[in-house]
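Residues per chain, in single letters:
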Number of protein chains: 2
Amino acid sequence: MPKKSSSTKNLRSALRIDPEDGVVDLADYSPRKITTGPDSRKASLAALEDLGAELVDLQTRLYADGVAGEQRSVLLVLQGMDTSGKSGVIDHVVGLVGPEGTHIRAFKKPTEEERAHDFLWRIKRELPGPGMIGVFDRSHYEDVLVTVVHDQIDDAERLRRYRTINEFEAGLVAAGTTVIKCFLNISYDEQRERLLARLDDETKNWKFNVDDITERRMWPEYQKAYAEALAATSTEVAPWYAIPSDRKWYRNWAVGVLLRDTLRDLDPRYPKTDLDIPQLKRRLAPPN
Amino acid sequence: MPKKSSSTKNLRSALRIDPEDGVVDLADYSPRKITTGPDSRKASLAALEDLGAELVDLQTRLYADGVAGEQRSVLLVLQGMDTSGKSGVIDHVVGLVGPEGTHIRAFKKPTEEERAHDFLWRIKRELPGPGMIGVFDRSHYEDVLVTVVHDQIDDAERLRRYRTINEFEAGLVAAGTTVIKCFLNISYDEQRERLLARLDDETKNWKFNVDDITERRMWPEYQKAYAEALAATSTEVAPWYAIPSDRKWYRNWAVGVLLRDTLRDLDPRYPKTDLDIPQLKRRLAPPN
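To start, this report covers the structure provided alongside it. (Residues numbered from 1 in each chain as written. Chains lettered and ligands numbered in written order. Predicted model: local features only at pLDDT ≥ 70, side-chain atom pairs only at ≥ 80, totals over all residues. Heavy atoms only, no water.)

### Some remarks on the relation of the copies chain B and chain A
Rotating chain B by 180° and moving it 0.0 Å along the rotation axis overlays it on chain A with an RMSD of 0.0 Å. Classification of the inter-copy transformation places it as that of a two-fold axis. Looking at the rotation axis and the C-alpha trace of chain B, the residue lying nearest is B:Pro99, at 3.2 Å. A share of 100% of interface residues in chain B that are also interface residues in chain A marks the association as one of identical surfaces. (Least-squares fit on C-alpha atoms with pLDDT ≥ 70 in both. Contact = heavy atoms within 4.5 Å.)

### Focus: the interface of chain B and chain A
Size of an interface: often given as the accessible area lost when the parts come together. Taken together, the 39 residues of chain B in the interface contact 39 residues of chain A. Among the residues of chain B in contact with chain A, B:Glu100, B:Trp206 and B:Leu284 are the three that bury the most area, contributing 21% of the side total. Scanning the region where chain B abuts chain A turns up two salt bridges. Across the salt bridge formed by A:Asp200 and B:Lys281, the nearest N and O atoms sit 2.3 Å from each other. Sorting the residues of the side of chain B that touches chain A by element identifies helix H2 (41-67), helix H3 (86-97), helix H8 (188-200), helix H9 (210-217) and helix H12 (277-284) of chain B as the ones contributing at least two each. (Buried area = accessible area lost by both parts, 1.4 Å probe. Salt bridge = Lys/Arg side-chain N within 4 Å of Asp/Glu carboxyl O. Helix = DSSP H or I, 4+ residues; strand = E, 2+ residues; numbered from the N terminus.)

### Some remarks on H9(B)
All buried positions along H9(B) are accounted for by B:Asp212, B:Ile213 and B:Arg216. Along H9(B), the residues classed as buried sweep out an arc of 100° about the axis, all on the same side. The inward-facing, buried residues of H9(B) abut helix H12 (277-284) of chain A together with H8 and helix H10 (219-233) of chain B. Measuring from the side-chain oxygen of the N-cap residue of H9(B) to the backbone nitrogen of B:Asp211 gives 2.9 Å; that N-cap residue is B:Asn209. (Buried < 20%, exposed > 50% of the residue type's maximum accessible area, 1.4 Å probe, protein only. Arc of directions from axis to C-beta. Polar contact = N/O pair within 3.5 Å; in protein donor to acceptor, adjacent residues only side chain to side chain.)

### Quick word on the sheet that holds strand S2 (residues 102-106) of chain A
Strands belonging to one sheet form pairs held by backbone hydrogen bonds; the direction of such a pair is parallel or antiparallel. All names here are of chain A. Spatially, S2-S3-S1-S4-S5 is the arrangement adopted by the five strands of the open sheet, whose pairing is parallel. Since the sheet does not close on itself, it has two edges, and those belong to S2 and strand S5 (240-244), each with one partner. Direction aside, the axes of adjacent strands within the sheet are offset by 20° on average. Where strand S1 (residues 73-80) lies against strand S3 (residues 133-137), five bridges are found, and the strand directions are parallel. Bridge pairing links Val77 to Phe136 in S3. (Pairing = 2+ DSSP bridges. Axes fitted to C-alpha atoms, helices over the stretch in contact; angles between N-to-C directions.)

### Focus on the environment of B:Ser234
All names here are of chain B. Following the sequence through the fold, Ser234 ends up in the loop between H10 and strand S5 (240-244). Look at Ser234 and you get buried, because its relative accessible area is 12%. It is 33 Å that separates the C-alpha atoms of Ser234 and Ala197, two residues lying 37 residues apart in sequence. Residue contacts for Ser234: discarding those within four places in its chain leaves Ile17, Pro19, Pro239 and Trp240. Of note is the side chain of Ser234, whose polar atom sits 2.7 Å from the backbone oxygen of Ile17. Separated by 2.9 Å, the side chain of Ser234 and the backbone nitrogen of Trp240 make a polar contact.

### A look at the environment of B:Ile277
Here B:Ile277 shows up in helix H12. Taking C-alpha positions, B:Ile277 is 30 Å from B:Leu263, a pair spaced 14 residues apart along the chain. When near neighbours in sequence (up to four residues on either side) are disregarded, B:Ile277 contacts A:Leu199 and A:Asn205.

### Observations regarding the packing of aromatic side chains
For any pair of aromatic rings, geometry is given as the distance between the ring centres together with the angle between the planes. Here the structure, examined in full by the defined rule, presents 13 aromatic pairs over all chains. Here the aromatic rings of B:Phe183 and B:Tyr226 are separated by 4.7 Å at their centres, their planes lie at 35°, and the arrangement is tilted. Here B:Tyr226 lies in helix H10 and B:Phe183 lies in strand S4 (residues 177-185), a separation of 43 residues in the sequence. The class of B:Phe183 is buried, set by a relative accessible area of 1%. We classify B:Tyr226 as buried; its relative accessible area is 3%. Here B:Tyr188 and B:Trp219 contribute two aromatic rings whose centre-to-centre distance is 5.4 Å and whose plane-to-plane angle is 70°, an arrangement assigned as edge-to-face. Here B:Tyr188 is found in helix H8, whereas its partner B:Trp219 is found in helix H10, with 31 residues between them in sequence. For B:Tyr188, a relative accessible area of 36% corresponds to the partly exposed category. Using a relative accessible area of 9% as the deciding quantity, one classes B:Trp219 as buried. The rings of A:Trp249, A:Tyr250 and A:Trp253 are connected pair by pair, giving a single aromatic cluster. (Phe/Tyr/Trp six-rings, centres within 6.5 Å; stacked < 30°, edge-to-face > 60°.)

### Here we look at the side chain of B:Arg216
Residues and elements named next belong to chain B. Relative to the assigned elements, Arg216 resides in helix H9. Here Arg216 occupies a buried position and makes no salt bridge, while the nearest side chain of opposite charge, Asp189, is found at 5.4 Å. Within the structure, Arg216 has its side chain in polar contact with the backbone oxygen of Tyr188 (distance 2.9 Å). (Lys, Arg positive; Asp, Glu negative; His and termini not counted.)

### Side note on the environment of B:Val179
Residue and element names in this part refer to chain B. Note that Val179 resides in strand S4. Placed 146 residues apart in sequence, Val179 and Lys33 show a C-alpha to C-alpha distance of 25 Å. If near-sequence neighbours (up to four positions away) are discounted, Val179 is found in contact with Leu75, Leu172, Val173, Ala238 and Pro239.

Encoded structure:
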């Protein structure tokens, strides 16, 4: 059950998915209702803009730490139904950090080469290096969502994959990567509006795929697959957050704050160097 | 020899490196003198900011084209001495495009795995997909620069690598990738100032590597290696541009305009779709 909180300080605990007796009921997580944070588009955009400089500073420090030998990084996993706003978060939130500090990868339908390997193979190749913020637009979770809805794997394999994922993520965390998993939670009605908008705008027609309607018909199956996957993989070390995403401005603000708070907790600092600065300056001086 | 031009329209021809009788003399290319474009920091920043929206629009169209089956992409290769501003270009120019449309890769000293393969292996894994702008912070050119200065390859191998690179790039271009290669041209004196700045600012100390001074001592050898490599690989299909880079604001503006002009020439358009929009809208309508 989501906790109620009016303080931004507790955004993570307010949005975190905590399975009760191993079960998640998505009805407990509103795509629209705001329990904490700004309550208008304007306030939200202003707050997000203020976040930009802090995100850049924190990531730069984390990277500097990495150059000095620390192995810490952050991995932001974005999952959600079509139109839920994975690209929007990347453009409006991750974009604040700047391209040098982020490693972004969109995972599409697996290629032939990718299918020839286990489902984590392509994931492991795209993990963030020290000091970097990695961002996954879709992820290894597709392999316990699409595959389940389309009956490509059976129950035993599904459960095995949950365990594999939990072990994999626990290993990442142990090696210094903080994992933030965001379920961008939109409603069935909001998805309709966004699909219609793609049809109404000629410059967005190309984003429309007729398959989107077929997948939309399986909405209840997807909700069930999400609920089960979230319940099985929202762990202490790598929890899921349900981001109310019917309002784009709230969604962006919330992911921005989760990222900022995570980085703040890491408290990255510019490393002390053992440079002999006066001597180096002499060496750099032009010859007389 | 660089051509003189006062028109922004001709920036590419003004900055293009055209070997004469197969030779490039870097003395012909000033790191500081501006032959075309804005002549003040303020004008330059304003012009670059104006470029942002156009770059986003052009890249979005190129990507939409890619979804519709076109295979066009752009590859921006950034090379230059330490402190020449490769990261700065990525943050201030590539950052304008937004993270969804760019694929950025910094090539550092090759790893053991990378060294076990031919020098283009790691490059080929990071090429931009359809509709994307790929950006290389250092590149396969390190393998005809660092290796030459440090006597790791002999002349025969160096010449063989130039040919391999030219064939590789010609293949990229034939397959739909427009290649823009920028040599960020800074002076020996400007490098000193930038290295000193890293020593003077505690939050920049971590960027300072004592090896940078050792490499700096080989400035003439690097200039020679660059001149030879640029002469051998500035081809009709994949030319090099010498970007005057002693002034950061001019450097950023110039790369931004090269990128913009390249995208304009590609003239990407939103694809016509064969969607039956009225029918799709009916299918999306909620049941009565």
